[in-house]
Amino acid sequence: MIEYCLSSDPNRPCYVLRFKEITLMLDCGLSTQTVLNFLPLPLVPSARLNNLPGWMPRDVSDPQLEGELKECCGRVFVDSAPEFFPPQPKIIDFSEVDVILISNYLCMLALPFITEGTGFAGVVYATEPTLQIGRLFLEELVQHIEQTPKATLASHWKEHLHVLPSPLCDSQKPRSWRHIYNMRAVNSSLARIQMVGYNEKLDVYGAVGVMPVSSGYCLGSSNWVISSHYEKVTYVSGSSTLTTHPRPMDQTALKNANVLILTGLTQTPTANPDSMLGELCMTVATTLRCGGSVLIPCYPSGVVYDLFECLSSHLDNSGMATIPMFFISPVADTSLAYSNILAEWLSTAKQNKVYLPEEPFPHAFLVRNGRLKHFKHIYTEGFSTDYRQPCVVFCGHPSLRFGDAVHFVELWGSSALNTIVFTEPDFPYLEALAPFQPLAMKAVHCPIDTSLNFTQANKLIRDLRPGTLVLPESYTLPPVTAPHRIDLVVETDRPIISFKRDEVLTLPLKRRQGRVELSPELAEFLLPSEVRTGVSLSTLTGGLQVKDNKHILKVLEVGEPKAVSTVGKKRIRLVEDILNKKPSNYTWGSLDIDEFIQKITQEGITDAKVEQVASGYIIHLQNEDTLIQVEDSSTHIFCEGDEQLRLRLRNILLQCLNKF
């Protein structure tokens, strides 16, 4: 089995497996960290951003570079539409991919880059929530960027990386960065997805079977089991053992795999999700008491559902039940409505509410009572009427490079009464805030990442007992932010293979056996002979049909031609010839040396000397100048070209073996 690593971000993975002539892609995550190198896209023209001074490297006089770079508080940004770093088709041709398996909606944002315009003709498998919520993520991303188009696009800065300041000079392959796709590409790529349910077994061209099982991370999130008749590979990505709103993680199907591919562990190993949630609630309450407002940059689904529930309850208990909460996203209404009709994908506690009947999430109640108000945009009709401060605003994008969050940072940033709270772990919050400096509003970092931490991952590996563990190299080293924490690594007694982006690995999984089906018609001709108690053998002659990676033995029809190759030539041999040359019986078992010596003595060969060696026995016939080498699975006769003696000894040897 060969694995190709196409992603540098373990939480936005994209890997390709080749096995049994099938090419499988595991996730198609999109690296969005690159957008932090670009200036924000404000909803309304920003005099502050427009008046930022331009930046040019020393000793470079390229007129095409002028205006592409701007400086803000010592940090240089690209003044252009943001670009992303999708998986590259350099070490693997996307047109060769047969199947794409999607783990969760956060790991499918590169799907249009992979399926559109590349010759891809395969199929994509994902659960229903992954498809529907993934659609919301893709639509929001496209609309955020398309609603604030840039008049010019910058590209010449990529030719001068060596003279640019950090972090631009450290950019990874910027020539491969791409602008965002359009909605036509989004819809076309999503049309390729076939929805599957948990524990539903799918056949991939007869070669392997794939099955999604709950990973417990988010609505519809899956781990995948990839198996043939004799091999098993499990792919664990974005999993959680915490009790939140998704269905709990299913570990049973993942046990005792030949190979376990592990990715998607927590991005904040030193932060406890429960502690961060408590800190967020206290920070919001403190800010509101002082008359300030709170901005929470977020995605349109996921942890934000839990934030609505916990924060509203905390504010009620703090005597601030009248403080409005706003959820602003191009897909806000769809996200809120859809989350309440996914009962089968929720935790047991959430499912039970459906049968009361109650909505599984309290945000439906909050919306009905006017406590939580949702709008597509800040300029949507009704927002200006309902908007009042102090308030709490949830909106995108967590990178602060596009979306309504850019407007609120510009609007509230000059007041120290206001607070921005970062809960999504995907972006370093100081880098997200860099183009808005100097900033008076308070910034609080409360990353809530429910993915497996290293302690949980190590326990999971012990429970699953895989033959070999395959994981990103970064999981074998302490985090860069805490190099002294040697406990924040994956430790196991299992063999480990680590990888980095663009590496090609040979995994320790080789095909040693295959399954052949016996047709009922051929089975009728079997005449089993019992060779020992409980073991019977039978010979058969049939035609092996190989179709769709399935092997079936069928009855050979008399007169059916069979092509064989001999010494560079091809000749046709009829089935009758094969049948006529079948031996009347077959031998089996080990050679009894004493019986063999007795029989050749009876045939007049009396000078045999037997020598036991490591591999078996050597029988020396001195007068005949012959050696007989007897091993467990073979016998060799060396008789210096005396064919008659060889045949004579062969016949005696066959008399000493069992037959059926």
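Numbers given for residues are sequential positions, taken from 1 along each chain in its written order. Side-chain atom pairs in this predicted model are given and counted only at pLDDT of 80 or more, local residue features only at pLDDT of at least 70, and totals for whole chains, interfaces and linings cover all residues. Computation of side-chain values covers all heavy atoms of the structure but excludes hydrogens and water.

- As annotated in an unreviewed UniProt entry, the chain carries the name Integrator complex subunit 9 and comes from Cryptotermes secundus.
- Under the UniProt heading Sequence similarities (unreviewed entry), the note attached to the chain is "Belongs to the metallo-beta-lactamase superfamily. RNA-metabolizing metallo-beta-lactamase-like family. INTS9 subfamily." UniProt positions are given in the numbering used here, feature names are shortened, and annotations may be inferred rather than shown by experiment.

## Observations concerning unusual backbone geometry
- With an omega dihedral of 0°, the bond running from Q389 to P390 counts as a cis peptide bond.
- By the secondary structure assignment, P390 is in the loop between α10 (383-386) and β17 (392-395).
- The omega torsion of the bond from G396 to H397 falls at 15°, within 30 degrees of zero and hence cis.
- Counting from the N terminus, the helices are the DSSP runs of H or I reaching at least four residues and the strands are the DSSP runs of E reaching at least two. Checked against the element boundaries, H397 lands in the loop between β17 and α11 (404-412).
- Of note, K20 is a non-glycine position whose phi angle comes to about 55°, a positive value.
- By secondary structure assignment, the location of K20 is in the loop between β2 (15-19) and β3 (22-26).
- Judged by relative accessible area, which is 18%, K20 ranks as buried. Buried means the residue's accessible area, taken with a 1.4 Å probe over protein chains only, is under 20% of the maximum for its type, while exposed means over 50%, and partly exposed covers the values in between.

## Concerning the side chain of R401
- Following the sequence through the fold, R401 ends up in the loop between β17 and α11.
- For the buried residue R401, which engages in no salt bridge, the nearest side chain bearing the opposite charge is E431, 6.5 Å off.
- We define a polar contact as two N or O atoms separated by no more than 3.5 Å, with the added condition that, inside protein, one atom must be a possible hydrogen donor and the other a possible acceptor, whereas residues neighbouring each other in sequence contribute only through side-chain atom pairs. A polar contact is formed between the side chain of R401 and the backbone oxygen of F38, at a distance of 2.9 Å.
- From its side chain, R401 meets the backbone oxygen of A432 in a polar contact 2.8 Å long.
- Contacts are assigned to residue pairs with any non-hydrogen atoms lying within 4.5 Å of each other. With sequence-adjacent residues up to four places away left out, R401 is seen in contact with V35, L36, F38, L39, P40, L41, F77, V406, E431, A432, P435 and F436. None of His or the chain ends enter the tally, which takes Lys and Arg as positive and Asp and Glu as negative. The salt bridge definition used is simple: a Lys or Arg side-chain nitrogen within 4 Å of an Asp or Glu carboxyl oxygen.

## Considering the packing of aromatic side chains
- Here a pair means two rings of Phe, Tyr or Trp (six-membered ring of Trp) with centres within 6.5 Å. Their orientation is stacked below 30 degrees between planes, edge-to-face above 60, and tilted elsewhere. This structure, assessed with the given rule, holds 18 aromatic pairs.
- Arranged with centres 5.0 Å apart and planes meeting at 35°, the rings of Y105 and F137 form a pair that is tilted. Separated by 32 residues along the polypeptide, Y105 in the loop between β6 (99-101) and α2 (111-115) and F137 in helix α3 (residues 128-146) bring together distant segments of the chain.
- Classification of Y105 as buried rests on a relative accessible area of 2%.
- Looking at F137, the relative accessible area reads 4%, which means it is buried.

## Thoughts on a nonpolar patch on the surface
- Any residue with relative accessible area above 30% and no salt bridge may belong to a patch, with like charges joined within 9 Å and the nonpolar Val, Leu, Ile, Met, Phe, Trp and Tyr side chains within 5 Å. Surface exposure here means Shrake-Rupley accessible area, sampled with a 1.4 Å probe, where a residue is shielded only by the protein chains that are shown. The grouping of V516, L544 and V546 at the surface amounts to a nonpolar patch, some 270 Å² of accessible area in total.
- Residue placement: V516 occurs in strand β23 (residues 516-518).

## What about the sheet that holds strand β31 (residues 608-613)?
- Read across the open sheet, the 4 strands follow the order β31-β32-β33-β34; overall the sheet is antiparallel. Among the strands making up the open sheet, the edge pair consists of β31 and β34 (635-638). Recorded for the sheet is a direction-independent mean angle of 15° between the axes of neighbouring strands.
- Where strand β33 (residues 626-631) and β34 come together, 4 bridges link them in antiparallel fashion. Bridge pairing links Q629 to H636 in β34.
- Sitting on the sheet, helix α17 (residues 643-655) touches β32 (616-621), β33 and β34, and the angle it makes with β34 is about 155°. A strand pair is defined by DSSP finding two or more bridges across the two strands. Under this scheme, a helix contributes an axis fitted over its contacting stretch, all axes are lines through C-alpha atoms, and angles between N-to-C directions fall in the 0 to 180 degree range.

## Focus on the domain arrangement of the chain
- Just so you know, the domain bounds were taken from an automatic or database domain assignment. For the chain, the assigned domains read domain 1 (273-445), domain 2 (516-529 + 540-556) and domain 3 (587-659).
- Between the C-alpha centres of domain 2 and domain 3 there is a distance of 36 Å.

## As for the nonpolar core
- Definition of nonpolar core: a set of buried residues of the types Ala, Val, Leu, Ile, Met, Phe, Trp, Tyr and Cys, connected through side-chain atoms within 4.5 Å. M25, I100, Y181, L311 and F394 are the most contacted members of the largest nonpolar core, which totals 79 residues.
- In this structure, V99, V196, I261 and L509 belong to the second largest nonpolar core, which totals 29 residues.

## Regarding the sheet that holds strand β12 (residues 232-237)
- Ordered by their spatial adjacency, 7 strands build an open sheet running β9-β10-β11-β12-β13-β20-β21, and the pairing between neighbours is mixed. Only two strands of the sheet have a single partner each, and these edge strands are β9 (202-204) and β21 (496-499). Within the sheet, the average angular offset between the axes of one strand and its neighbour, ignoring direction, is 20°.
- The sheet contact formed by β9 and strand β10 (residues 208-214) spans 3 bridges and is antiparallel. Looking across to β10, one finds that L202 is bridged to V210.

## What to know about the packing of helix α16 (residues 593-602) against α17
- Put simply, α16 and α17 touch, their axes get as near as 9 Å, and they point 135° apart. When the interaxial angle is binned, α16 and α17 end up oblique. Judged by the sense of rotation from one axis to the other, the crossing of α16 with α17 is right-handed. Judged by residue contacts, E595, F596, K599 and I600 of α16 engage L649, I652, L653 and Q655 from α17. Roughly parallel covers angles under 35 degrees, roughly antiparallel covers those over 145, roughly perpendicular covers 65 to 115, and oblique covers all other angles. Rotating anticlockwise by less than a right angle from the far helix to the near helix defines a left-handed crossing, while the corresponding clockwise rotation defines a right-handed one.

## Examining the pairing of β2
- For β2, the tally of buried residues reaches 4 of 5 residues, placing the bulk of the element in the interior.
- Where strand β1 (residues 2-5) meets β2, 4 bridges bridge the pair, whose relative direction is antiparallel. Considered in β2, the bridge of C5 is made with Y15.
- One ladder, built from 5 bridges, connects β2 with β3; its direction is antiparallel. Bridge pairing in β3 links Y15 to L26.
- The antiparallel pairing of β2 with β3 creates a hairpin that spans 2 residues between the two strands, and K20 there sits at a positive phi of about 55°.

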